[in-house]
Amino acid sequence: MAASYALELVNLMMPAEAPNRDVYELMLVFFDDIQENNDIERLIRLFQIKVLYFSGFRPHLDACVMCRKKVYGKALFSMKEGGLMCLSCGEGT
């Protein structure tokens, strides 16, 4: 199911007429990793972020998208807000 999801995501995000070597290599690594890793959910999240990055979307990863404070240690990722949220700001979401 994870491999099927990855293929569908790439099909939706990347234009067919624009080959992208980085996404192709990412997919190869992802397919290898899902065979050897028990934390499939984590791999999928990382894959999503990297596909978004390669498609031109640059999620905000340096500081909290709400309060702009540097994020150290644990954080949440908000697709809606487009980046990391510190635990304080992400508490109510």
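Our subject is the structure listed above.
In this report, we go over the structure that sits alongside the text. (Residues numbered from 1 in each chain as written. Predicted model: local features only at pLDDT ≥ 70, side-chain atom pairs only at ≥ 80, totals over all residues. Heavy atoms only, no water.)

## What about the overall build of the chain?
- Of regular secondary structure, the chain possesses four helices and two strands.
- Across its three principal axes, the chain shows a C-alpha extent of roughly 40 × 30 × 20 Å.
- A separation threshold of at least 6 residues defines the contact pool for the chain, and within that pool the share at least 24 residues apart is 38%. (Helix = DSSP H or I, 4+ residues; strand = E, 2+ residues; numbered from the N terminus. Contact = heavy atoms within 4.5 Å.)

## Some points on the environment of Asp33
- With respect to the helices, strands and loops of the structure, Asp33 is situated in helix 2 (residues 21-36).
- Given the relative accessible area of 30%, Asp33 is considered partly exposed.
- Distance in space between the C-alpha atoms of Asp33 and Leu43 is 7.8 Å, their sequence separation being 10 residues. (Buried < 20%, exposed > 50% of the residue type's maximum accessible area, 1.4 Å probe, protein only.)

## Here's the deal with the side chain of Gln48
- By secondary structure assignment, the location of Gln48 is in helix 3 (residues 40-54).
- Within the local environment of Gln48, its side chain forms a polar contact with the side chain of Tyr5, the two groups lying 2.5 Å apart.
- Residue contacts for Gln48: discarding those within four places in its chain leaves Tyr5 and Leu9. (Polar contact = N/O pair within 3.5 Å; in protein donor to acceptor, adjacent residues only side chain to side chain.)

## Some remarks on helix 1 (residues 2-13)
- End to end, helix 1 covers 16 Å across 12 residues, agreeing with the expected 16 Å (1.5 Å per residue, within 8%).
- Those residues of helix 1 that fall on the buried side of the exposure criterion are Ala2, Ala6, Leu9 and Val10. Here the buried residues of helix 1 occupy an arc of 95° about the axis, which is enough to place them on one side. Seen from the open side of helix 1, the exposed residues pointing more than 90 degrees away from its buried face are Asn11 and Leu12.
- Buried residues belonging to helix 1 abut helix 2 and helix 3. (Expected span 1.5 Å × (residues − 1). Arc of directions from axis to C-beta.)

## Some details on the packing of helix 1 against helix 2
- The interhelical angle for the contact between helix 1 and helix 2, taken along N-to-C directions, is 170°, at an axis separation of 10 Å. Looking at the two axes, helix 1 sits roughly antiparallel to helix 2. When helix 1 is examined against helix 2, the residues Ala2, Ala3, Ala6, Leu7 and Val10 are found in contact with a partner set consisting of Val23, Met27, Phe30, Phe31 and Ile34.
- When the residues that make up the contact of helix 1 with helix 2 are grouped by side-chain class, the tally is 10 nonpolar, no polar and no charged. (Axes fitted to C-alpha atoms, helices over the stretch in contact; angles between N-to-C directions. Parallel < 35°, antiparallel > 145°, perpendicular 65-115°, else oblique. Nonpolar A, V, L, I, M, F, W, Y, C, P; charged D, E, K, R; others polar.)

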